[in-house]
Amino acid sequence: MEENKDEAIVLCGSVITSTAIVPGSIKVECTDCGISVWLSPASSQLAKQFKKITPLCLSCGSKRMTAAKTTTGKILDMHITKATMDEVNTYIKQNPPGMDEKKGSVILLRTIRGDFPFQAVKAPPGVYEAYVNPHGAVSVIAENGEMLGLKPGEFEWLTKE
Ligand SMILES: [Zn+2]
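Residues numbered from 1 in each chain as written. Predicted model: local features only at pLDDT ≥ 70, side-chain atom pairs only at ≥ 80, totals over all residues.

1. Things to note about the overall build of the protein
Then, number 1: When its secondary structure is counted, the protein shows three helices and eleven strands.
Then, number 2: Reading the secondary structure of the protein in the N-to-C direction produces β-β-β-α-β-α-α-β-β-β-β-β-β-β.
Then, number 3: Across the 161 residues of the protein, 25% fall into the buried class.
Then, number 4: If you take every contact in the protein between residues at least 6 apart in sequence, the share linking residues at least 24 apart comes to 60%. (Helix = DSSP H or I, 4+ residues; strand = E, 2+ residues; numbered from the N terminus. Buried ≥ 20, exposed ≤ 12 C-beta atoms within 10 Å, placed from the backbone. Contact = placed C-beta atoms within 7 Å.)

Okay, structure coming up:
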């Protein structure tokens with residue numbers, strides 16, 4: 001939520017990955033990348049308080065937060081509804097490590113954390129079994145048992161099958 005009440009930035013679950021959809025949600029496009037996301041009824045209600053609603057997917061929301069912090073030093077205040085968090089948590093539970101194929105091992109040289117809103121998911125430096133999903137994304141199992149996606153440059157392959 002921006003201070004001038006002109007614009008409400010709302011984080012939305014992707015239509016492709018959302019598994020728990022709030023009844024009454026409408027399909028809208030992420031303002032930044034254009035993928036289809038679900039705008040929940042609670043988020044739609046924000047239209048009464050703000051002149052403009054800006055729906056963002058989780059990925060673009062994360063990018064904007066990083067950008068805002070870099071340029072203004074302030075954390076961008078966004079709306080993340082409980083429904084969206086529930087969707088996200090359901091998605092994680094339904095996509096356990098077993099879904100991805102084990103492809104060898106990687107080494108992390110520093111602690112890696114998840115992107116917003118998953119900063120609590122972290123993996124300290126060390127050697128990990130690496131899982132690769134059908135899209136080629138590499139993940140390891142974080143401290144809390146959840147999958148943590150790695151970006152290029154965050155890891156080195158030790159053994160690759
Ligand atoms: Zn997006």
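From this point, the discussion proceeds with the structure in view.
2. Topic: the environment of Lys-52
Then, number 1: Structurally, Lys-52 is set in strand 4 (residues 52-57).
Then, number 2: Residue Lys-52 is classed as partly exposed on the basis of its C-beta count, with 13 C-beta atoms lying within 10 Å.
Then, number 3: When the C-alpha atoms of Lys-52 and Glu-7 are compared, they prove to be 4.6 Å apart, with 45 residues separating the residues in sequence.
Then, number 4: Beyond its immediate sequence surroundings of up to four residues, Lys-52 is in contact with Asp-6 and Glu-7.

3. Looking at the sheet that holds strand 3 (residues 36-39)
Hydrogen bonds along the backbone pair up the strands of a sheet, which may run parallel or antiparallel.
Then, number 1: The sheet built from four strands is open, its strands ordered 2-3-1-4 with mixed pairing. Edge positions in the sheet fall to strand 2 (26-29) and strand 4, since each has one partner strand and no second. Adjacent strand axes in the sheet meet at a mean angle of 50° when their direction is disregarded.
Then, number 2: Of the strands in this sheet, strand 1 (7-14) and strand 4 are in contact with helix 2 (residues 58-72), which crosses strand 4 at around 105°. (Pairing = 2+ DSSP bridges. Axes fitted to C-alpha atoms, helices over the stretch in contact; angles between N-to-C directions.)

4. Considerations on the sheet that holds strand 11 (residues 156-160)
Then, number 1: If you trace the five strands from one edge of the open sheet to the other, you get 10-9-8-5-11, paired in antiparallel fashion. A single partner strand is all that each edge strand has here, and the edge strands are strand 10 (147-150) and strand 11. Adjacent strand axes in the sheet meet at a mean angle of 40°, parallel and antiparallel pairs treated alike.
Then, number 2: The pairing of strand 5 (residues 101-108) with strand 8 (residues 126-132) spans six bridges and is antiparallel. Following the sheet pairing, Val-106 is matched in strand 8 by Tyr-128.

5. Let's talk about the pairing of strand 2
Then, number 1: With four bridges joining them, strand 2 and strand 3 adopt antiparallel strand pairing. For Lys-27, the partnering residue across the bridge sits in strand 3 and is Trp-38.
Then, number 2: With antiparallel pairing between neighbouring strands as the criterion, strand 2 and strand 3 make up a hairpin whose turn holds six residues, including Gly-34 at a positive phi of roughly 85°.

6. Description of the environment of Lys-151
Then, number 1: For Lys-151, the location among the structural elements is in the loop between strand 10 and strand 11.
Then, number 2: By the C-beta count within 10 Å, which is 10 here, Lys-151 ends up exposed.
Then, number 3: Here the alpha-carbon distance between Lys-151 and Ser-139, two residues twelve residues apart in the chain, equals 8.9 Å.

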